[in-house]
Amino acid sequence: MTTATATTTVLHVQAAGPPGETGEAFLRVLEDITPVVEVLSFDAALADVGGSVRYFGCDAVELARMLRVRALALYDLDCTVGVASNPLLARMAGRHGPPGGVRHVPDTPGAVTGFLNPKPVADLHGVGPRTAHTLCEYGLDRIGKVAETSEATLRRILGARTGRLVHERARGIDPTRVAPHTPPRAASAERRFDRHELDGSARRRALLELAVDIGRRLRTEAQVARALTLTVRYADRSTTTRTRTLPEPTAHTPVLAGTAHALHDALGLQRARVTALSLRAEDLRTARLSSQQLTFDRRTESARRLEPVLDRIAARWPGTVGPATLARS
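The shown structure was predicted, so the numbers you read here are calculated from the model rather than taken from an experiment. (Residues numbered from 1 in each chain as written. Predicted model: local features only at pLDDT ≥ 70, side-chain atom pairs only at ≥ 80, totals over all residues. Heavy atoms only, no water.)

The helix and strand tally for the chain stands at twelve helices and ten strands. Taking all 329 residues of the chain together, 45% fall into the buried category. For the chain, restricting intrachain contacts to residue pairs at least 6 apart in sequence, the fraction spanning at least 24 positions comes to 67%. Carbon and sulfur atoms form 51% of the exposed surface of the chain, whose accessible area is close to 17,600 Å². (Helix = DSSP H or I, 4+ residues; strand = E, 2+ residues; numbered from the N terminus. Buried < 20%, exposed > 50% of the residue type's maximum accessible area, 1.4 Å probe, protein only. Contact = heavy atoms within 4.5 Å. Areas by Shrake-Rupley, 256 points an atom, 1.4 Å probe, with all protein chains shown as cover.)

Right under this line is the structure:
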């Protein structure tokens, strides 16, 4: 098995902090190290540190550790940093594992295959639930098995374009580059439970909190989402992911919350021991360039007009406004 060798070193940085404060803080820290930063969401970014390695006179792992120290010292903000030779491996190193710390995938064939091969095929970046299900039906449930399968076979199973892409990524090949000055393409929020959560009403409440958070961030950035993805993590460390396309691009919190609840209820998690829930608004686009269906529902129109006002109040006085069902007794 062969892997592509990259001339640049890439960091994937995932920040964890209070909603509304995370994005600007960790971007400032990143931009102090390198100007080549691609924003992935409001709390995640890719950074090309090929030039910074030469400027600071240290390797990429040392730069990642310095970034974490600066974020903690200046903004009391913790970050998880994945370090690798290309965006694919950096994303996967940064996202898969416990939060916090620096996770490095060395740029050698043995290290790349050792990192990728044992992982479930669903963990491969760019492989959605439907593609993963198709591969598993053919017994290709691990990335290593996919990597050992010929490209021609994968093309027959998945189609020409997807088969080629999956064949490359399963071997750690990603020719894409970090693209600076691009708007976020997704916005995500996660809720981890202190114990195994069996109560469906508690999970629905958590999803409402996540929808409120994402809706406010989208409206603050003047963006709308075209799709919403729910990921459920269980006590046995398995996950379930479901995605639903929204009727129209929106940042309206009730629509986001209703879609999240519908995705959750469709899973039928009556006895599931849930440890975490995450929502991800995807296929983001600029709000002013997106059309909306006209409606004669005055309550809906009034709620949409009121949301920006409530967002400004929440930004100035956190915790003062929000859905009544989230009010603490």
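Chain-level statistics for the chain give a pLDDT mean of 84 and a share of 87% at 70 or above. At the level of individual helices and strands, the chain shows its lowest average pLDDT in helix α12 (residues 298–316), which scores 74, and its highest in helix α7 (residues 143–148), which scores 95. Long-range and interchain partners of residues 1–6, a stretch whose pLDDT sits below 50, account for 15 contacts in this model, where long-range means more than four residues apart. (pLDDT = per-residue confidence, 0-100.)

Attention shifts here to a nonpolar patch on the surface. Side chains of Leu-306, Val-309 and Leu-310 sit close together on the surface and give an oily, nonpolar patch of about 210 Å² of accessible area. Secondary-structure assignment places Leu-310 in helix α12. A relative accessible area of 31% places Leu-310 in the partly exposed class. (Patch = residues over 30% accessible without salt bridge, like charges linked within 9 Å, V, L, I, M, F, W, Y side chains within 5 Å. Salt bridge = Lys/Arg side-chain N within 4 Å of Asp/Glu carboxyl O.)

As a further point, take the sheet that holds strand β1 (residues 10–16). Across the sheet, five strands lie side by side as β2-β3-β1-β4-β5; this open sheet has mixed pairing. Only two strands of the sheet have a single neighbouring strand rather than two, namely β2 (37–41) and β5 (101–104). Averaged over all pairs of adjacent strands, the angle between their axes in this sheet comes to 20°, without regard to strand direction. The strands that helix α3 (residues 60–75) touches are β1, β4 (78–84) and β5; relative to β4, the one it contacts most, it runs at about 170°. (Pairing = 2+ DSSP bridges. Axes fitted to C-alpha atoms, helices over the stretch in contact; angles between N-to-C directions.)

Let us look at the environment of Pro-118. Relative to the assigned elements, Pro-118 resides in the loop between α5 (109–116) and α6 (129–137). Taking the C-alpha atoms as reference points, Pro-118 and Lys-145, 27 residues apart in sequence, are found 9.1 Å from one another.

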